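Descriptive analysis of the structure
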Amino acid sequence: MAQLWGGRFTKETDKLVYNFNASISFDQKFYRQDIEGSMAHVRMLARQGILTEEEMEAIVKTLQEILAEVEAGTLAITDEYEDIHSFVEANLIRRLGDTGKKLHTGRSRNDQVALDMKLYTRQEVLAADGLLKELLQVLLRIMEENTETIMPGFTHLQKAQPITLAHHMGAYFEMFKRDRLRLRDIYVRMNYCPLGSGALAGTTYPLDREYTAKLLGFYGPTLNSMDSVADRDYLIEFLAAMSTIMMHLSRFCEEIIIWNSNEYQFVEMDDAYSTGSSIMPQKKNPDIAELVRGKTGRVYGALMSLLTTMKGLPLAYNKDMQEDKELTFDAMDTVKGCLALFTGMLDTMRFNKDRMRRSANNGFTNATDAADYLVNHGVPFRDAHGIVGQIVLYCIEKNMAIDDMSLEELKAISPVFQEDVYEAISMETCVNKRLTIGAPGKEAMERVIDLEKEYLKEDWRKEAGVSADSEM
Ligand code: ARG
């Protein structure tokens, strides 16, 4: 058992206690951030005259070696260390002796772990954002190709009015665009450096916190040392953003599962993204969509877990906060995996345009427009609503669409109908007359697509001062 704090103790830690306390099995995930943070710390210590230049150079060089060996797999991170901080420090001391022992001058594991987790999360914010952008690009492509692909729009899962596939995809475009905005906001809010806060009350060494903050790509240092080591707000915000992404993906998956069903057949998934049944040869199952939908729960779970962990904690650091890691890491990896798979699935999915079109035709989705036709010919709306209700009833009895009725049949219900009604209630007219911004009409949709294209050219990272290092 290699631990950093034996001096005050007279007994060895019980093995079970040691294991219960240890975090190396999961905090090794941010070994790189831990080492980068230490390098910035010693650079600052030397600049302030707290370490000599030679000591700093020896420590930085050795830390670089440790990093390279861990990355190459020649130095294994094992559970003989309590946590990743102990692992790095012990290896440094093993190689450098007394000079290595100076690394932790003016630092506590409390500000160290606060820094490591923040650096790791910051990188994950950017990774999730990048994956969302790829998804948006696929959505935009489908939108551009389908401004004339008519399909039924639903409310209550009942056919309501005709829309286009471009319009339906555009709804998800907006959702994932908001998800990116949320990530940007989180980045901007979280990007302050806790290093130099010590255990809770700063240190007596003349640290230059602005300098370490700058070296690590932060806007500046955090302004209260107790808050710095006790703050996990940015993780809660991040998990809330992750949960919202999963909620959006899950709704999308639900629709794809429905569209892929035998009854709908609006889409066909690529073989690479579907699976068969071990017993039923005819099956082609949408497992990926179902799994993404299913994994939403564990991401929500991480958010609930951390909120609950934090709710009763007095200032400043408490060991409870070690629980911020495992589920958060799981949530990050889950969301990244789901985004990447979902994007691939969507990109390769085939849309059965004929089925969509027929479904729109057969669902009385133009009933509102038939009523509007009557209104345009002087019938009060409430009466028009009643007349079209009768027409729908007639069609249901005869198993036909409104457009299939002859003019005589229509006139028998209301003499107002003329030959031009067919044009007025055609699916194309229904869709393309809806031209307010945000509506499915082709021209309106094309304006939106142009705006979305412009949006995709923007790069919030420049504005937010994201340095290449933050993507480590
Ligand atoms: N493994 C700990 C964590 O994740 C590191 C900080 C330990 N600090 C302490 N005072 N025990 O929170």
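Above this note sits the structure.
Below or above, wherever it landed, is the structure these notes cover.

Basis of the calculations
Residues numbered from 1 in each chain as written. Predicted model: local features only at pLDDT ≥ 70, side-chain atom pairs only at ≥ 80, totals over all residues. Heavy atoms only, no water. Helix = DSSP H or I, 4+ residues; strand = E, 2+ residues; numbered from the N terminus. Rg over C-alpha atoms; globule rule 2.2 N^0.38 Å. Buried < 20%, exposed > 50% of the residue type's maximum accessible area, 1.4 Å probe, protein only. Contact = heavy atoms within 4.5 Å. Lys, Arg positive; Asp, Glu negative; His and termini not counted. Charge placed at Lys NZ, Arg CZ, Asp CG, Glu CD. Pairing = 2+ DSSP bridges. Phe/Tyr/Trp six-rings, centres within 6.5 Å; stacked < 30°, edge-to-face > 60°. Core = buried A, V, L, I, M, F, W, Y, C linked by side-chain atoms within 4.5 Å. Expected span 1.5 Å × (residues − 1). Near = heavy atom within 4 Å. Polar contact = N/O pair within 3.5 Å; in protein donor to acceptor, adjacent residues only side chain to side chain. Areas by Shrake-Rupley, 256 points an atom, 1.4 Å probe, with all protein chains shown as cover. Disulfide = S-S within 2.5 Å.

Thoughts on the overall build of the protein
Helix and strand counts for the protein stand at 20 helices and six strands. Scaling as 2.2 N^0.38, a compact globule of 472 residues should have a C-alpha radius of gyration of about 23 Å, whereas the protein reaches 30 Å, well beyond that. C-alpha atoms of the protein, sized along the principal axes, occupy 100 × 50 × 40 Å. Within the span of the protein, comprising 472 residues, buried residues form 51% of the whole. Restricting to contacts in the protein with at least 6 residues of sequence separation, those with at least 24 account for 75%. Charged side chains of the protein number 54 positive and 73 negative; the gap between the two group centres comes to 2 Å.

Some thoughts on the pairing of strand β1 (residues 150–155)
Relative to strand β2 (residues 158–164), β1 runs antiparallel, the two being bridged by six bridges. Paired with proline 152 across the two strands is proline 162, which belongs to β2.

What about the packing of aromatic side chains?
Describing an aromatic ring pair means giving the distance of the ring centres and the angle of the ring planes. Scanning the model with the defined rule gives 13 aromatic pairs in all. On the basis of an interplanar angle of 75° and a centroid distance of 6.1 Å, the ring pair of phenylalanine 30 and phenylalanine 329 is categorised as edge-to-face. Taken as a pair, phenylalanine 30 in the loop between α2 (24–27) and α3 (31–47) and phenylalanine 329 in helix α12 (residues 326–348) lie far apart in primary sequence, 299 residues in all. Look at phenylalanine 30 and you get buried, because its relative accessible area is 0%. Residue classification places phenylalanine 329 among the buried residues on the basis of a relative accessible area of 4%. Summarising the aromatic geometry, the rings of tryptophan 259 and phenylalanine 266 are spaced 6.3 Å apart at their centres and angled 45° between planes, so their arrangement reads as tilted. The burial state of tryptophan 259 is the same as that of phenylalanine 266; both residues are buried. Chaining the aromatic ring pairs together yields one cluster made of Phe154, Trp259, Tyr264 and Phe266.

Brief notes about the nonpolar core
Core analysis: the biggest nonpolar cluster contains 104 residues, and Leu139, Leu249 and Leu346 have the highest contact counts within it. Counting residues per element, this core draws most heavily on helix α10 (residues 233–259), which supplies 16 residues. Dropping the residues within four chain positions of it, leucine 139 is found in contact with Met169, Tyr172, Phe173, Phe176, Phe252 and Leu346. If you look at the next biggest cluster of nonpolar residues, it comprises 21 residues, including Leu374, Ile387, Cys395 and Met405.

Describing unusual backbone geometry
With an omega of 0°, the peptide bond between leucine 315 and alanine 316 qualifies as cis. Here alanine 316 is to be found in the loop between α11 (287–310) and α12. For leucine 157, which is not glycine, the phi dihedral falls at a positive 60°. By the element assignment, leucine 157 lies in the loop between β1 and β2. Positive phi is not limited to glycine here, since glutamine 265 has a value of about 50°. Turning to its location among the elements, glutamine 265 is positioned in the loop between α10 and β5 (267–268).

Comments concerning helix α5 (residues 84–96)
The end-to-end C-alpha distance of α5, which contains 13 residues, comes to 18 Å, matching closely the 18 Å that a straight helix rising 1.5 Å per residue would cover. For α5, the set of buried residues is Ile84, His85, Ser86, Phe87, Val88, Glu89, Ala90, Asn91 and Leu92. For α5, the elements touching its buried residues are α2, α3, α4 (53–72) and α6 (109–145). Once α5 finishes, glycine 97 follows within two positions and takes phi at roughly 65°, a positive value.

A word on the site of the ligand
Around the ligand, the neighbouring residues are Ser23, His85, Arg109, Asn110, Val113, Tyr317, Gln322 and Lys325. At 2.9 Å from a nitrogen atom of the ligand is found a side-chain nitrogen or oxygen belonging to asparagine 110. Measuring from a nitrogen atom of the ligand, one finds a side-chain N or O atom of glutamine 322 at 2.7 Å. Calculation on the ligand without its partners gives an accessible area of 340 Å², and the protein chains cover 86% of this total.

Overview of the state of the cysteines
The final tally for this structure, using the stated rule, is zero disulfides. The structure places no disulfide on cysteine 253, whose sulfur is separated from the nearest cysteine sulfur, that of cysteine 338, by 7.8 Å.

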